[in-house]
Amino acid sequence: MADDVLLDKRSDGIALITLNRPDSLNAMGGQLMPMLASFLSECAYDTSVRAVVLTGAGRAFCAGGDVKDMGRRPGTGGAATHQEPPKTNGEVVPPTDGQRPSVFQLLDPAIAGLRDSQLRTSGMLHMMGKPTIAAVNGHAVGAGLSLALACDLRIASDKAKFATAFRNVGFSGDYGGSYYLQRLVGMGKARELYFTGDTVEADEALRLGMVNRVVPHDNLIDETLAFVAPIAAGPTAAYARMKENLSLGEHADLRTLLDQEALYMRLTALSNDHRNAVRAFIEKEKPKFAGN
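Residue numbers here run from 1 along each chain, matching the order of that chain's written sequence. Thresholds applied to this predicted model are a pLDDT of at least 70 for local features of residues and 80 or more for the giving and counting of side-chain atom pairs; totals over whole chains, interfaces and linings are not thresholded and use all residues. Water and hydrogen atoms play no part in the side-chain values, which are based on all heavy atoms of the structure.

(A) Representation of the overall build of the protein. Broken down by element type, the protein carries eleven helices and ten strands. The burial tally for the protein puts 44% of its 292 residues in the buried class. Note on contacts: a residue pair is in contact if any heavy atoms of the two residues lie within 4.5 Å. When contacts within the protein are restricted to residue pairs at least 6 apart in sequence, those whose partners lie at least 24 apart make up 68%. What sets the accessible areas is the Shrake-Rupley method with a 1.4 Å probe; for residues, cover comes only from the shown protein chains. Of the roughly 15400 Å² that the protein leaves accessible, carbon and sulfur atoms contribute 56%. To qualify as a helix, a DSSP run of H or I must reach at least 4 residues; to qualify as a strand, a run of E must reach at least 2; elements of each kind are numbered from the N terminus. Burial classes: relative accessible area under 20% of the type maximum marks a residue as buried, over 50% as exposed, and values in between as partly exposed (1.4 Å probe, protein chains only).

Below, the structure written as structure tokens:
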């Protein structure tokens, strides 16, 4: 299998995932999306992984859909080339009356495949119970931007560039970008960026709130890993519940959120991490979190 995605599980609990199709600017062709989905699932369930960093090899973070591949597969829709549709319910069976299948019958397996790929990649980055950080080394475009936005935090190289770009190829957008972007920059700015496809430079992305910090390009990975290391050493079980609270807070009413916060505070109060941290505080020691 081609190494379209690389996984490095470090001794400090950080899993470094690298999109590795540099000749195509890490476009979502080949085995990139299925491999990314597989590695994210592995990291989500591996207790030795305490935080995930996603980056790209070469000059780009991810250029989104593989436009050249779209041209070779007319009529399929570029988004559907990211991952093969599921085989279980995805077969189109021609009608027995001799009529051609409807457009909805033809679209159904492509929609199912894209929905599955979105949940297993962008959805997993946003919802897994561990901190996820995008180290954006270059262009993050289209669905590649969506992957970066799906992460909890974004650290950008000063050479990074961001663009929705879907309008440039007549697409409406996928992988959750329309959900994530407007929560970071506001509804009006998000619509502007979708409608125009304008490129946002790293410093402007920082000003808008698209990224958390900008660092020198040559120091991106070192500074990202140094930033993430103390997070990975923290109370990972509590992080998982923090993420659930924050996700619920994106759409729930205050009473619903307060109910969940009360539940999770009482559950984390029963954890070994909490008890050990309280003891360390009293004894003026640095707490050591085991994630339970």
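(B) How the structure looks around the nonpolar core. As used here, the term nonpolar core means buried Ala, Val, Leu, Ile, Met, Phe, Trp, Tyr and Cys residues forming a set that is joined through side-chain atoms within 4.5 Å. Counting residues in hydrophobic clusters, the biggest one holds 47 residues, and the most contacted among them are Ile 17, Leu 36, Phe 61, Val 136, Phe 162 and Met 210. Among the elements that take part in this core, helix H1 (residues 32–45) stands out by supplying seven residues, more than any other.

(C) Quick peek at the packing of aromatic side chains. Here a pair means two rings of Phe, Tyr or Trp (six-membered ring of Trp) with centres within 6.5 Å. Their orientation is stacked below 30 degrees between planes, edge-to-face above 60, and tilted elsewhere. Under the defined criterion, the tally for this structure stands at two aromatic pairs. Residues Phe 166 and Tyr 194 carry aromatic rings whose centres are separated by 5.9 Å and whose planes lie at 20° to one another, so their mutual orientation is stacked. Placement of Phe 166 in the loop between strand E8 (161–163) and helix H5 (177–185) and of Tyr 194 in helix H6 (residues 187–196) is noted, with a sequence separation of 28 residues between them. Each member of the pair, Phe 166 together with Tyr 194, is buried.

(D) Spatial organisation of unusual backbone geometry. Non-glycine residue Asn 26 carries a positive phi angle of around 60°. Along the polypeptide, Asn 26 turns up in the loop between strand E2 (14–19) and H1. Judged by its relative accessible area of 0%, Asn 26 is buried. Its identity is not glycine, yet Ala 165 carries a phi of approximately 65°, on the positive side. Tracing the backbone through its elements, the reader meets Ala 165 in the loop between E8 and H5.

(E) The arrangement of the side chain of Asp 273 in detail. As for its position among the elements, Asp 273 is in helix H11 (residues 272–282). Dropping the residues within four chain positions of it, Asp 273 is found in contact with Pro 235, Thr 236, Lys 288, Phe 289, Ala 290, Gly 291 and Asn 292.

(F) Main features of the pairing of strand E5 (residues 132–136). Extensive coverage of E5 is indicated by the burial of five of its five residues. Across the two faces of E5 the burial is the same, with Thr 132, Ala 134 and Val 136 and Ile 133 and Ala 135 all buried. The criterion for strand pairing is that DSSP finds at least two bridges linking the strands in question. Two elements, strand E3 (residues 51–56) and E5, share three bridges in a ladder whose sense is parallel. Across the sheet, the residue bridging to Val 53 is Ile 133, located in E5. With four bridges connecting them, E5 and strand E7 (residues 153–157) associate as parallel partners. Bridge pairing links Ala 135 to Ile 155 in E7.

(G) Just a nonpolar patch on the surface, in detail. Residues qualify for a patch when their relative accessible area is over 30% and they have no salt bridge, like charges being joined within 9 Å and the nonpolar side chains of Val, Leu, Ile, Met, Phe, Trp and Tyr within 5 Å. Here, a salt bridge means any side-chain nitrogen of Lys or Arg that lies within 4 Å of a carboxyl oxygen of Asp or Glu. Together, Leu 263, Leu 267 and Leu 270 make up a nonpolar patch on the protein surface, roughly 280 Å² of accessible area in all. On the secondary structure map, Leu 267 appears in helix H10 (residues 254–269).

(H) Highlighting the packing of helix H4 (residues 143–150) against H5. Remark: H4 packs on H5, axes separated minimally by 9 Å, with the N-to-C direction vectors making an angle of 55°. Compared by their axis directions, H4 and H5 come out oblique. Of the two elements, H4 crosses H5, and the hand of that crossing is left-handed. On H5, the residues touching Ser 146, Leu 149 and Ala 150 of H4 are Gly 177, Tyr 180, Leu 181 and Leu 184. What counts as an axis is a line fitted to C-alpha atoms, over the stretch in contact for a helix, and the angles between N-to-C directions run from 0 to 180 degrees. Orientation is classified from the angle alone, with under 35 degrees giving roughly parallel, over 145 giving roughly antiparallel, 65 to 115 giving roughly perpendicular, and any other angle giving oblique. Here is the rule for handedness: rotate from the far helix to the near one, and if that takes an anticlockwise turn smaller than a right angle the crossing is left-handed, while a clockwise turn gives right-handed.

(I) Representation of the sheet that holds strand E4 (residues 60–62). If you walk across this open sheet you meet the four strands as E4-E6-E8-E9, and the pairing is mixed. Of all strands in the sheet, those bounded by a partner on one side alone are E4 and strand E9 (200–201). Sheet topology note: the E4/strand E6 (residues 139–141) ladder contains two bridges and is parallel. Paired with Cys 62 across the two strands is Ala 140, which belongs to E6.

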